[in-house]
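Understanding the architecture of this molecule
Chain by chain, the residues:
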Amino acid sequence: MTVKFGVLGAGRIGQVHARAIASVPGATLVAVADAVEAAAQALQDQYGCEIRTIDEIREADDVDAVIICTPTDTHADLIEAFVKAGKAVFCEKPVDLDVARARQVIETVAAENGTLMVGFQRRFDPDFRALKAAIDEGRIGEVEMVTLTSRDPGAPPPAYIQSSGGIFRDMTIHDFDVARWLLGEEVETVIAQASVLTDPEIGKLGDYDSVNVILRTASGKQCTITNSRRATYGYDQRIEVHGSAGSISAMNHREANIEIATGDGYTKPPLLNFFMSRYTAAYAAEIAAFVEALRTGAPMPTTGLDGLRALELADAALQSAKTGQAVSLSAR
Ligand SMILES: NC(=O)c1ccc[n+]([C@@H]2O[C@H](COP(=O)([O-])OP(=O)(O)OC[C@H]3O[C@@H](n4cnc5c(N)ncnc54)[C@H](O)[C@@H]3O)[C@@H](O)[C@H]2O)c1
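The residue numbering used here restarts from 1 in each chain and proceeds along that chain's sequence as written. pLDDT decides what is reported in this predicted model: residues at 70 or higher carry local features, side-chain atom pairs at 80 or more are listed and counted, and totals for whole chains, interfaces and linings draw on all residues regardless. Excluding hydrogens and water, the side-chain values take into account all heavy atoms of the structure.

This next bit is on the overall build of the protein chain. Along the protein chain, the regular secondary structure elements total 13 helices and 15 strands. In this description the radius of gyration comes from C-alpha coordinates, and the expected globular size is given by 2.2 Å times residues to the power 0.38. Expected size for 332 residues packed as a compact globule is a radius of gyration near 20 Å; at 20 Å, the protein chain falls within 12% of this value. Overall, the C-alpha framework of the protein chain stretches about 55 × 55 × 45 Å when taken along its three principal axes. Expressed as a percentage of its 332 residues, the buried residues of the protein chain come to 51%. We call two residues contacting when some pair of their heavy atoms lies within 4.5 Å. The long-range share in the protein chain, meaning contacts at least 24 apart out of those at least 6 apart in sequence, stands at 71%. Accessible surface, the protein chain: about 14,600 Å² in total, of which carbon and sulfur atoms supply 49%. All tallies of charge rest on Lys and Arg as positive and Asp and Glu as negative; His and the ends of each chain are not included. One atom stands in for each charge, and that atom is NZ of Lys, CZ of Arg, CG of Asp or CD of Glu. Side-chain charges of the protein chain comprise 31 positive and 45 negative groups, with the mean position of each set lying 3 Å from the other. Strands are runs of DSSP state E lasting at least 2 residues, helices are runs of H or I lasting at least 4, and numbering of each runs from the N terminus. Throughout this description, buried means an accessible area under 20% of the type-specific maximum (1.4 Å probe, protein chains only), exposed means over 50%, and partly exposed covers the range between. To measure how exposed things are, a 1.4 Å probe is used in the Shrake-Rupley method; for residues, cover is taken only from the protein chains shown.

As structure tokens, then:
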């Protein structure tokens, strides 16, 4: 069985997913929709898919599944519309900016007996999977402290920031998902600090660009997340997990894994620049996992509930940053 895809939104992540579909056996890109003709045209030129409207893709008999890559504020309505039309849905994070609306979407998907996978690609990164497998094999004993470092090379444009829901819901949301995945327990308490250090324009939009978050589970396991919208040296993506019997880490990806030694010292090639190149393998693996789950009928590996939990943590972090108080998830 070949899963026939429609891609909704052909911007930064839409292009990444089109490439992922092309790399996955048993997946084919049939159609693309974008509000901007040139964006859709670029995907047609590259992959030979048809340009259609969103409504045409929803009604199409030759489309089995869609990947929603349009701006965040469109996700909830599109998920519901496509699930009701009988399409399997893969939606980019976040499901919505509002927790109540995200819950509603999950209920609609369940009522329709629909299929929804939420795009948290870091769980599919080969290094992070190997790290998780080592944890699951007991190589470092019990997980005690997780440290996640995520720094972007630069901030997105103001228009993107305005519709993104802010750094916690747009960027840290990936770290919240990885934290839940690696801690193996739900988070109970969130403490966050947030500042504008890289660009005052971000502050004028009501957002932050530099945040630190500490998560604590009921049994006392902790995760520290550090995020910045600026890293002059590239896309900084590292994980360290400290356990009762050792620790395990996943380091940054470089353009080449070499080190040059001269009389002036040691140098290494730059880091891969951003998510499009750093997580290429992860995006392909997550679409492969989506296709595999559709084929076998297995549960989706990342669900609407994962999307909801990460969003709840984002809201709690924002509340903590604004009030200076620790926020208990159970008290919210
Ligand atoms: N998982 C990840 O790593 C990751 C990375 C980037 C973005 N995202 C998510 O993907 C979504 C899109 O982000 P992006 O960076 O690709 O944004 P983008 O602005 O680059 O692309 C969005 C595209 O959607 C199109 N569009 C806007 N409104 C539309 C509509 N109503 N109908 C059809 N097309 C429409 C735009 O013309 C644009 O081409 C966001 O929700 C973001 O949170 C996820």
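Bringing the site of the ligand into the picture now. Near the ligand you find 25 residues, and of these Arg12, Asp34, Thr72, Glu92 and Tyr283 are the closest. Polar contact is defined as a pair of N or O atoms within 3.5 Å, subject to the rule that within protein one atom must be able to donate a hydrogen and the other to accept it, and that residues adjacent in sequence are counted only when both atoms are side-chain atoms. His75 has a polar side-chain atom sitting 3.1 Å from an oxygen atom of the ligand. Burial of the ligand by the protein chains amounts to 80% of its free accessible area of 850 Å². Both domains that furnish three or more residues to the shell around the ligand are identified here as domain 1 (3–119) and domain 2 (123–279 + 310–331). Residues are classed as near a molecule or strand on a simple rule: at least one heavy atom within 4 Å of it. Domains are outlined according to an automatic or database domain assignment.

A packed helix pair is summarised by two numbers, namely the angle formed by the two axes and the spacing between the axes. Packing of helix H4 (residues 75–84) against helix H5 (residues 99–111) brings their axes to within 10 Å, and their N-to-C directions diverge by 5°. Regarding the angle of H4 to H5, the classification is roughly parallel. Contacts between H4 and H5 involve Ala76, Asp77, Ile79, Glu80, Val83 and Lys84 from the former and Arg101, Gln104, Val105, Thr108 and Val109 from the latter. The convention used is that axes are lines fitted to C-alpha atoms, helices contributing only their stretch in contact, and that angles between N-to-C directions extend from 0 to 180 degrees. Roughly parallel means an angle under 35 degrees; roughly antiparallel, over 145; roughly perpendicular, 65 to 115; everything else is oblique.

Let's shift gears to the environment of Pro94. Its place among the elements puts Pro94 in the loop between strand E5 (88–92) and H5. By relative accessible area, which is 2% here, Pro94 ends up buried. Separated by 61 residues in sequence, Pro94 and Ala33 place their C-alpha atoms 20 Å apart. Those residues in contact with Pro94 that lie beyond four places of it in its chain are Thr72, His75, Arg169 and Ile173.

Looking at the assigned domains, one finds that the protein chain contains domain 1 (3–119) and domain 2 (123–279 + 310–331). In this assembly, 16 residues from domain 1 lie in contact with 15 residues from domain 2. Throughout, buried area stands for the accessible area (probe radius 1.4 Å) lost by two parts on being put together, summed over both. Broken down residue by residue, the surface that domain 1 buries against domain 2 is led by Arg12, Lys93 and Leu97, which jointly contribute 47%. By convention in these notes, a salt bridge is any Lys or Arg side-chain nitrogen within 4 Å of a carboxyl oxygen on Asp or Glu. Arg103 is the salt-bridge partner of Glu312, the closest N and O atoms lying 3.1 Å from each other. Our enumeration of links across domain 1 and domain 2 arrives at 3 residue pairs in polar contact (both at pLDDT 80 or more). Elements with a contribution of two residues or more to the side of domain 1 that touches domain 2: helix H1 (12–23), H5 and strand E6 (116–119). Each residue receives one of three labels: charged for Asp, Glu, Lys and Arg, nonpolar for Ala, Val, Leu, Ile, Met, Phe, Trp, Tyr, Cys and Pro, and polar for the others, Gly being one of them. Grouping the amino acids of the side of domain 1 that touches domain 2 by side-chain chemistry returns 7 nonpolar, 2 polar and 7 charged.

Moving on to the nonpolar core. As a rule of thumb, nonpolar side chains are buried together in soluble globular proteins. Nonpolar cores were defined as sets of buried Ala, Val, Leu, Ile, Met, Phe, Trp, Tyr and Cys residues, with membership established by side-chain atoms within 4.5 Å. Counting 103 residues, the largest nonpolar core has Phe5, Ile79, Phe168, Phe176, Leu182 and Val241 as its most contacted members. Per element, the largest residue contribution to this core is 9 residues, and it comes from helix H13 (residues 304–323). Both domains that meet at this core, namely domain 1 (3–119) and domain 2 (123–279 + 310–331), each give it at least three residues. In this structure Ile79 touches Ile68, Val89, Cys91, Val95, Val105, Val109 and Leu116, once residues within four positions along its chain are discounted.

Judged by pairing direction, the sheet is parallel, and its 6 strands sit side by side in the order E3-E2-E1-E4-E5-E6 without closing on themselves. Lying at the two open borders of the sheet, with one neighbouring strand each, are strand E3 (50–51) and E6. Relative to E5, strand E4 (residues 65–68) is paired through 4 bridges, and the arrangement is parallel. Across the sheet, the residue bridging to Ile67 is Phe90, located in E5. Strand contacts of H1: strand E1 (3–8), strand E2 (27–33), E4 and E5, with the helix running at about 155° to E2, the strand carrying the most contacts. For two strands to be treated as a pair, DSSP must find no fewer than two bridges joining them.

A few words now on the pattern of salt bridges. Going through the model one piece at a time under the given rule, you end up with 27 salt bridges. Residue Arg52 is joined to Asp62 by a salt bridge in which the shortest nitrogen-to-oxygen separation is 2.9 Å. Separated by 10 residues along the polypeptide, Arg52 in the loop between E3 and helix H3 (54–59) and Asp62 in the loop between H3 and E4 bring together distant segments of the chain. Here Glu292 ties to Arg295 by a salt bridge, and the two come within 3.9 Å at their closest N and O atoms. Separated by 3 residues within a single helix, Glu292 and Arg295 lie in helix H12 (residues 280–296), roughly one turn from each other. The partly exposed category is assigned to Glu292, whose relative accessible area is 41%. Three or more residues are tied together by salt bridges with common partners; here these are Arg123, Asp177, Arg180, Glu186 and Asp306.

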